[in-house]
Amino acid sequence: PHALVFLEHRQGILDSGSLSALTAAQQLGGKISALVVGGPDQVPGIVEKAKKLKGLDSVLHSTSPQYSAPVPEVLSPLFEKLLTESSPFTHVVSTTSSAAKSLIPRVAARLNVPAISDITSLVHDAADSSTTFTRPIYAGNAIATVRAPSSVSIKFFTVRSTAFSAASIQEGADAETLAVDPVDVPDSPTQHLKTTIAKSDRPDLGVASRVISGGRALKDANTFASTLYPLADVLGAAVGASRAAVDAGYADNSLQVGQTGKVVAPELYMALGISGAIQHLAGMKDSKLIVAVNKDPDAPIFQVADVGLVADLYEVVPQLIEKLKK
Amino acid sequence: MRPTPARLLNILVPVKRAVDYAVKIRVNPQQTGIDTNVKHSMNPFDEIAVEEAVRLRERFKDEVKSIKAITIGPPKSLDTLRTALAMGADSAIHVEIPESSPSPEPLAVAKTLKAVIERQKEGVDLVILGKQSIDDDLGLTGQMLSGLMGWSQATFASKVDVDIAKKEAVVTREIDGGGEEVRCKLPLIVTTDLRLKEPRYASLPNIMKAKKKPVEKLSASDLGVDLTPILETLKVTEPPQRVGGGKVESVDELVAKLKEAGITAV
C-alpha cells in the first residue's frame, strides 16, 4: 500500500490530529507520502517540519495563494489530479477535522469511491488488498467493523485523533520533498471571506491532557467563565462545555464536547454541572479519569465517572482550587 | 433601467428516518446491527434543514417556488416525509427500498439525489440537508452530492443568508476552534449544524394537511442507480463498557483521588 496523508497546519504549526492520522497510516504497513498545501508564506516552513516526521517516505507540497485559506472546491481538483494521473496511492488519510470532513468526501465522490469517517483502528490485508476498520456509530454506543474490499481502488478514511498517538519528529529523518503544481481554479463557486478563531490562552480542547467542562448548571456566560476558568488555570486545563451550555450561550460553540462537537480523550475530564446526555458521553467517555460533580445523584454522568461527588459545584470548585494550590 | 427579472428558488431537502436521538440503542445478538424495533424519527439535523427551508419561504414568500423533501428508505420512511410536509415542505419524493434492504451508503444516496435533481424540470437551486445522520455518524452525503454535481458546498452551516437576485448565499460555518464565512454561488449544497435553526413542531392542522400533499414514489431502478453497499459491515459490537460509578463524599477525598492519579496543580 501507499498512503497519501493530508497534513493540515495552522499558524506555522502542524496539526496534531494530522500527526495522529500519520500514525494510523503507518499501520497500513506500506509507503507513506504526506501532502502539504498552503500559501507561499506557509508551505516552506511546514515542509521543513514535515520532512523530519517519523515514518514518512516523501512530502508532496503544493503552493498557491488560493491555498492560503482553501475551500474544498479549490482543493479538490489538486487531489483529483494527484489521485488519477498514474497514481501510486492506495489510501487517502486525514484526521477528522472540519476541513477534511468537508474535503475528503467531495474528492472521494468525484473519484467514484466511498469514504469511511472517524476510524479508531485499522488492519490492512496486503494479500487481498482489503482494509478493515472499526469506527463508532450511534454516538459511540456501538462499534462497527467495516471492510473496504479490493474493488475500492483508493480507500479514503478519516481518523479519530484520540485513538492514535501523534507521530513524532525523528532525529535524522529527512524525507524526500516533491513540489506539485497547484491546479488553478479561476472561477471557484465558493469564495472564502473570513475565518474567526476563538482566542484563548488555555490549551486547545482537542489536544489538552486535562479538560474542565461545564453544563447548564453554570447559569450564564459570566458565571461559566468565573467558575471554570480559575480551576482550569490551576490545572493547566482546557475548557469544554455541554451542548446545553453552548445552546444557552454560556460558552462558544467551538468548546462543545459531544457527538456533534469535539471528541476528547484527555488524562482528566472533569464534568461540572453536566448531567451526561448520551450525546455528551459520546464525546468524552474515552477519557482516562472522569470526575463528575453534580447536585443530582441520579445524573447519568455518574455512571461513567470514576470519581463522582454529589454536591453543589459552587461550593466544590472554590474549595478544590484552594486545596489543589496547597 | 430594466427591472431585474424575478428569480425563483427551488429547494430540495433530503431527510432520513433514523433511530430517535433519545433511544438507548442495543446491539443485536447476531452482531449484525442494532435492535431497530425502537422509536424512529427524522434525523435531528435534517429537521433543522427542513426548518431552514421553511424559514426561507417565510422570508422570501413566493420567490421560494418549491420546497421538496426527499427520502430514500423503506415504506416506513413515508412517516418522515409526512413530518417534513407538516413542517412546511410542499411535496415529497420517496425512493422506496424493501424493508430488508441494507441502508444505502452515502455515495449511493448522493448518486440517487443527483439523479433526482437532474429530473427536476425547474431545476434545483439549493439543497439543504443535515451535516450527519445520528445513526451511522458518517457525515458524507452533502459533500459527496456537491462533488458529483460540481456545485458549491457549505458544510456545518450556522447561518445562511441567501440573495435570490444575485443567485448567491453567504454562509457562516462552524469549524474547529471557531467560525468561517464563505460566499457561495447557487446552486449550492448546505449541510446544517446544530445552531442553524430550532426546528418547529408541526401543528395538528398542518399534520392533517400534510396527508394530502403529493408524494411521488420512485425506485432505484427508475433512477438508474445501484444502492448495493460497496463496503462490507463485518460486525457490530458493544463498545467496551466503562466501569464508572465511583463516588467520594468530600472535596478532600476528591483531591486525594486526583493526586493518586498524578494530577496536581501546574
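Fair warning: this is a prediction, and the values are worked out from it, not measured in the lab.

1. With respect to the overall build of chain A
Scanning chain A from terminus to terminus reveals nine helices and 18 strands. Since a compact globule built from 326 residues should have a radius of gyration of about 20 Å, the 21 Å found for chain A is in line with a globular shape. Each of the three principal axes of chain A carries a C-alpha extent, and together these read 65 × 45 × 40 Å. With 326 residues in all, chain A has 56% of them scored as buried. Considering only contacts within chain A whose residues lie at least 6 apart along the sequence, 67% involve residues at least 24 apart.

2. Focus: the sheet that holds strand β1 (residues 2-6) of chain A
All names here are of chain A. Read from one edge of the open sheet, seven strands run β7-β11-β6-β1-β4-β5-β12, paired in parallel fashion. The open sheet is flanked by β7 (115-119) and β12 (176-179), the only strands paired with a single partner. Here the strands of the sheet are splayed against their neighbours by 25° on average, with no regard to which way each runs. Pairing between strand β5 (residues 58-63) and β12: four bridges, direction parallel. Residue His61 lies in a different strand from β12, and its bridge partner there is Ala179. Contacts from helix α2 (residues 43-50) reach β4 (31-38), β5 and β12, with the element oriented near 160° to β4.

3. Structural notes on the interface of chain A and chain B
Contacts between chain A and chain B engage 72 residues on the former and 64 residues on the latter. The biggest single contributor to the side of chain A that touches chain B is helix α4 (residues 98-110) of chain A, with nine residues. Per-class residue counts for the side of chain A that touches chain B are 38 nonpolar, 23 polar and 11 charged. Pairing between strand β10 (residues 142-148) of chain A and strand β12 (residues 232-237) of chain B: five bridges, direction antiparallel. From the neighbouring strand, A:Thr145 faces β12(B), where its bridge partner is B:Lys235.

4. Looking at helix α2 (residues 78-87) of chain B
Residue and element names in this part refer to chain B. Across the 10 residues of α2, eight count as buried, placing the element largely inside the fold. Inspection of α2 places Thr80, Leu81, Arg82, Thr83, Ala84, Leu85, Ala86 and Met87 among the buried residues, and these make up the whole buried set. Once α2 finishes, Gly88 follows within two positions and takes phi at roughly 140°, a positive value.

5. Section: the confidence of the model for chain B
For chain B, mean pLDDT is 95; residues scoring 70 or higher make up 98% of the total. The complex model carries a pTM of 0.94, and its ipTM stands at 0.95.

6. Describing the pairing of strand β5 (residues 91-96) of chain B
Residue and element names in this part refer to chain B. Where strand β4 (residues 64-73) meets β5, six bridges bridge the pair, whose relative direction is parallel. Bridging across to β5, Ala69 finds its partner in Ala92. Regarding topology, α2 serves as the crossover connection from β4 to the parallel β5, and that connection is right-handed. For β5 and strand β11 (residues 215-218), the ladder comprises four bridges, and the chain directions are parallel. Bridged to His94 within β11 is Lys217.

7. Overview of unusual backbone geometry
A cis amide bond, omega -5°, links B:Leu186 with the succeeding residue B:Pro187. Checked against the element boundaries, B:Pro187 lands in the loop between β9 (178-185) and β10 (188-192). A positive phi angle, close to 50°, is found at A:Gln11, a residue other than glycine. Locating A:Gln11 in the fold gives a position in the loop between β2 (9-10) and β3 (13-14). The residue B:Lys167 is not glycine, and still its phi comes out positive at about 55°. You can see B:Lys167 is positioned in the loop between β7 (152-163) and β8 (168-175).

8. Topic: the sheet that holds strand β15 (residues 238-241) of chain A
An order of β15(A)-β14(A)-β16(A)-β17(A)-β18(A)-β13(B) is seen for the six strands of this open sheet, with the pairing classed as parallel. Looking at which strands have only one partner, the edges of the open sheet turn out to be β15 of chain A together with β13 (247-248) of chain B. With two bridges connecting them, strand β18 (residues 307-310) of chain A and β13(B) associate as parallel partners. When the bridges of β13(B) are listed, A:Leu309 appears paired with B:Val248.

Definitions and cut-offs
Residues numbered from 1 in each chain as written. Chains lettered and ligands numbered in written order. Predicted model: local features only at pLDDT ≥ 70, side-chain atom pairs only at ≥ 80, totals over all residues. Helix = DSSP H or I, 4+ residues; strand = E, 2+ residues; numbered from the N terminus. Rg over C-alpha atoms; globule rule 2.2 N^0.38 Å. Buried ≥ 20, exposed ≤ 12 C-beta atoms within 10 Å, placed from the backbone. Contact = placed C-beta atoms within 7 Å. Pairing = 2+ DSSP bridges. Axes fitted to C-alpha atoms, helices over the stretch in contact; angles between N-to-C directions. Nonpolar A, V, L, I, M, F, W, Y, C, P; charged D, E, K, R; others polar. pLDDT = per-residue confidence, 0-100. Right-handed = clockwise from strand over helix to strand, strands pointing away.

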